[in-house]
Amino acid sequence: MKAYDVAVIGAGPGGYVAAIRCAQLGLRTVCIDDREKDGKPALGGTCLNVGCIPSKALLESSENYEKARMEYASHGILIKEMAVDLAKMQARKSSIVDAHTSGIAFLFRKNGVESILGRARLKNTGEHCILEVASGGGTARLEAKHVIIATGSSPRKLEGVTFGNRIVDSSGALAFEEIPKKLGIIGAGVIGLELGSVWRRLGSEVVLLEASPEFLPSADEKVSKEALRQFRKEAGWTINLGIKLLSVEEIGSSVKVIYENYDGVIEQDFDRLIVAAGRIPSSKAVVDDHLGLAIDDKGFIEVDRHCRTNLPNVYAIGDVVQGAMLAHKASEEGVTVAESIAGQKPEVDPHLVPWVIYTSPEIAWVGKTERQLKSEEIEYRAGQFPFSANGRAQALGDARGFVKVLADAKTDSVLGVHIIGPFASELISEAVVAMAFSASSEDIARTIHAHPSLSEALHEASLAVEGRALHI
Ligand code: FAD
Ligand code: NAI
């Protein structure tokens, strides 16, 4: 039986990063993942294969198309004829995915991580953990001193809704071969909004059906309100909040959805329906039951703040444990666990995980919302600055949205930054760094920001905390 210092189960952004870091620290490491393409390992998990990377590729292509159609004329660029070649767009997406997944295989070789294609199950723990790996009809056993479970998550299924040709999850929605005329989406969360954006920009009429009466409740209230206002202005979206799904049925070439809202019972037919109603942790069947791995009632593996499970020498990271289901959170936990195993004392601050929603306008935040601060009775001051007063945003032709900085009323420490607007995904990093260094809003306000740049909006919002913004 082959023996390792560390066996990582799952090669998503949690697992593959953990494996690389373990190997960098001199630990003999194997990473086992069951995802394959054409008989070869498709490393990178959900993120690279059917998540972050393919969705961002299609978001970019579809945004370029929409800009060319709707905005280029205002720059004096006239395009007489334009069409979408969806096959080419999808091929571009696939080549980006392939480059990334083979990049991980390269990184594994470079760092000396052994990669196994197969399905792993933990059979025993203790000083020497025993794993069984099923692949190609056979099973093999291996031994490791430490095990890191990084098995990720999968789309939540709704009772009575069966996935098929026309009713799909997010993976199916990334692979449409034709642009649906009428697209229904159950769930106006992150996936519903991002994938809805892709197909709306390419010409679909998109209807979002959301159970919650509130739009994007985890974002800051002002940001959610502004986002809803902006999305509702765009042609091609209908966002129905507070609906109750009654039935979904695939009939011939369409999907009939019956739901209830404030107006009564409504029946709608769609060419395609995406179910984007959250994701569930893949915690079952990875560990033998007799070992007694602690799993909470939502299916998340229970861990302490060092990602240790209740089993000796067994850790869990990423989507399979509590916290944001985000790639960068999974990776950071992976690094932390690797360094802990190697005897270091790393820490992950769960309050400093940034969120980004890649819609147009983009939405990003880090730290607490105003609602959280109020409910925790923390006194704060807020400063806000609109992109309409930012020269770079005007030059870009996208001056929607604002930056909002929330700072402690007594200490002036930055407690949260909320952005809706162009390149919010990039701008948020400055806020994360500032908060990681316990900066005050005055620290950001006294930092020189390049002109003209979008980052000046964060500078001005920080000045606004003290009521001394210069350009509003
Ligand atoms: P995963 O990436 O899910 O990887 C787990 C791997 O383990 C999988 O390959 C799985 O097949 C394998 N596995 C499971 N069980 C076993 C077993 N028993 N044996 C062997 N292998 C096993 N996050 C962001 O931060 N930014 C984004 O822009 C973003 N966009 C997204 C878009 C979409 C459409 C989706 C669906 C998700 C998106 N996410 C995004 C979320 C992100 O993909 C996840 O948070 C991230 O992939 C979690 O990483 P992980 O390593 O925990 O798990
Ligand atoms: P989500 O939790 O963001 O949204 C799901 C939505 O579906 C919720 O608003 C919920 O109220 C609604 N819903 C649930 N059941 C419903 C029902 N029966 N009828 C109508 N609405 C219903 O989950 P989503 O969008 O599936 O994404 C899963 C996770 O993937 C995200 O939470 C995020 O962690 C990750 N992700 C991150 C991205 C990013 O970072 N940009 C992009 C895409 C996904």
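Residues numbered from 1 in each chain as written. Chains lettered and ligands numbered in written order. Predicted model: local features only at pLDDT ≥ 70, side-chain atom pairs only at ≥ 80, totals over all residues. Heavy atoms only, no water.

J.: A description of the site of ligand 2 should follow, citing residues and the corresponding values.
T.: The full set close to ligand 2 counts 21 residues, and E194, E210, G278, M325 and V356 are the nearest of them. Between ligand 2 and R156 there is a distance of 3.1 Å, counted from a nitrogen atom to a side-chain nitrogen or oxygen. Between ligand 2 and V356 there is a distance of 2.8 Å, counted from a nitrogen atom to a backbone nitrogen or oxygen. Relative to its free-state accessible area of 840 Å², ligand 2 is covered by the protein chains to the extent of 77%. Residue assignment for the shell around ligand 2 shows that the elements contributing at least two residues are helix 6 (190–201) and strand 20 (355–357). Broken down by class, the residue content of the shell around ligand 2 amounts to 13 nonpolar, 3 polar and 5 charged. Residue contributions to the shell around ligand 2 reach at least three from each of two domains, namely domain 1 (2–154 + 280–350) and domain 2 (167–277). (Near = heavy atom within 4 Å. Polar contact = N/O pair within 3.5 Å; in protein donor to acceptor, adjacent residues only side chain to side chain. Areas by Shrake-Rupley, 256 points an atom, 1.4 Å probe, with all protein chains shown as cover. Helix = DSSP H or I, 4+ residues; strand = E, 2+ residues; numbered from the N terminus. Nonpolar A, V, L, I, M, F, W, Y, C, P; charged D, E, K, R; others polar. Domains from an automatic or database assignment.)

J.: Would you mind going over the packing of helix 1 (residues 15–24) against helix 4 (residues 86–111) in detail, with residue names and values included?
T.: Interaxial distance between helix 1 and helix 4 falls to 9 Å at its minimum, and their mutual angle equals 20°. Considered as vectors, helix 1 and helix 4 are oriented roughly parallel to each other. Like other packed secondary-structure pairs, helix 1 and helix 4 cross with a definite hand, here left-handed. On the side of helix 1, the interface is formed by Y16, A19, I20, A23 and Q24, while helix 4 contributes I104, L107, F108 and N111. A class-by-class count of the residues in the contact of helix 1 with helix 4 yields 7 nonpolar, 2 polar and no charged. (Axes fitted to C-alpha atoms, helices over the stretch in contact; angles between N-to-C directions. Parallel < 35°, antiparallel > 145°, perpendicular 65-115°, else oblique. Left-handed = near helix turned anticlockwise from the far one by under 90°. Contact = heavy atoms within 4.5 Å.)

J.: Can you lay out the sheet that holds strand 14 (residues 244–251) for me, pointing to particular residues and giving the numbers?
T.: The strand order across the open sheet built from 3 strands is 14-15-16, with neighbouring strands paired in antiparallel fashion. At either end of the open sheet lies a strand with only one pairing partner, and these are strand 14 and strand 16 (264–270). Pairs of neighbouring strands in the sheet enclose a mean axial angle of 15°, with direction left out of account. Bridge analysis of strand 14 against strand 15 (residues 254–261) gives 7 bridges, and the strand direction is antiparallel. (Pairing = 2+ DSSP bridges.)

J.: Talk me through the site of ligand 1; I want residue IDs and the actual numbers.
T.: Around ligand 1, a shell composed of 38 residues is seen, among which G14, D33, D34, T46 and K56 lie nearest. Within the backbone of P13, a nitrogen or oxygen atom sits 3.4 Å from an oxygen atom of ligand 1. A120 is positioned such that a nitrogen or oxygen atom in its backbone is 2.9 Å from a nitrogen atom of ligand 1. At the level of secondary structure, the elements contributing two or more residues to the shell around ligand 1 comprise strand 2 (29–33), helix 2 (45–50), helix 3 (52–70), strand 6 (119–124) and helix 8 (327–341). Among the elements that line the shell around ligand 1, the one with the most residues is helix 2, at 4 residues. Its residues assigned to classes, the shell around ligand 1 comprises 16 nonpolar, 15 polar and 7 charged.

J.: Could you give an account of helix 6, with specific residues and numbers?
T.: Over its 12 residues, helix 6 runs 17 Å from end to end, which matches the ideal 16 Å to within 8%, given 1.5 Å per residue. Once helix 6 finishes, G203 follows within two positions and takes phi at roughly 125°, a positive value. (Expected span 1.5 Å × (residues − 1).)

As far as function goes, none of this settles anything; it's purely spatial.
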